[in-house]
Amino acid sequence: MVFSLSEILPSTLRFYEKKGLIKPLGRNGLRRQYHQNVLKTLQLIALGQTAGFTLEQMRTMLTPQGHVALNRDTLLQRGAEIDETITRLQQLSQGLKHVARCTAQTQTECDEFQKVVARGRRLIR
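Fair warning: this is a prediction, and the values are worked out from it, not measured in the lab. In this numbering scheme, every chain counts its residues from 1 along its sequence in written order. Totals for whole chains, interfaces and linings use all residues, but because this is a predicted model, local features are given only for residues with pLDDT of at least 70 and pairs of side-chain atoms are given and counted only at 80 or more. With hydrogens and water set aside, each side-chain value is computed from the structure's full complement of heavy atoms.

Some points on the packing of aromatic side chains
The relative placement of two aromatic rings is captured by the distance of their centres and the angle of their planes.
And step 1. Two aromatic rings from Phe, Tyr or Trp, using only the six-membered ring of Trp, form a pair when their centres are within 6.5 Å; if the ring planes differ by under 30 degrees the pair is stacked, by over 60 it is edge-to-face, and anything between is tilted. Following the criterion strictly, the structure yields one aromatic pair and no others.
And step 2. Look at phenylalanine 15 and tyrosine 16: their rings are 6.2 Å apart centre to centre, the planes differ by 50°, and that puts the pair in the tilted class.
And step 3. Burial here depends on accessible area, computed with a 1.4 Å probe over protein chains only, as a share of the maximum for the residue type. Under 20% is buried, over 50% is exposed, and the range in between is partly exposed. Given a relative accessible area of 39%, phenylalanine 15 falls into the partly exposed group.

Structure (structure tokens):
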């Protein structure tokens, strides 16, 4: 997840500024100037979004100076949530594959199909 500032849309940078995630150093003409550490912050934001954190949650993980201040408990909790999602998705995948190969007259007669349907409801929380 390495990128340069030129790859980020100006509107995205302005949005992150409004959310308090990044700060410009100033301007050079009409262009905002950023400290080189902003790239690391943007990488952290991208990783956090991939992990399912909200921008507000990520804002709390940054100091006003732009340094990272991660809450280990929050990270562990999100990691556990991701593990739970992975487990549910693996069960759903296995169930769907079973139903696709099932020799029952119809899929609805398959016991595993009923389990897949029940798991699917829990997956959609």
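Some remarks on the side chain of glutamate 17
And step 1. Under the DSSP-based scheme used, a helix requires at least four consecutive residues in state H or I and a strand at least two consecutive residues in state E, with every element numbered from the N terminus. In this structure, glutamate 17 sits in helix 1 (residues 10–18).
And step 2. A relative accessible area of 18% means that glutamate 17 is categorised as buried.
And step 3. Ignoring any residue separated from it by four or fewer positions in sequence, one finds glutamate 17 in contact with Ile22, Pro24, Arg32 and Tyr34. Only heavy atoms matter for contacts: two residues are in contact if any of them lie within 4.5 Å across the pair.

Structural notes on the nonpolar core
And step 1. Grouped together as the largest cluster of nonpolar side chains are 15 residues, with contacts concentrated most on Tyr16, Leu21, Ile22, Leu42 and Ile45.
And step 2. At the level of elements, helix 1, helix 2 (37–50) and helix 3 (55–59) are the ones that each hand at least two residues to this core.
And step 3. Element by element, the count of residues in this core is highest for helix 2, at three residues.
And step 4. Once you skip the residues sitting within four places of it in the chain, tyrosine 16 turns out to touch Leu21, Ile22, Leu42, Ile45, Gln49 and Leu55. Nonpolar core, defined: a set of buried Ala, Val, Leu, Ile, Met, Phe, Trp, Tyr and Cys residues in which side-chain atoms within 4.5 Å join the residues together.

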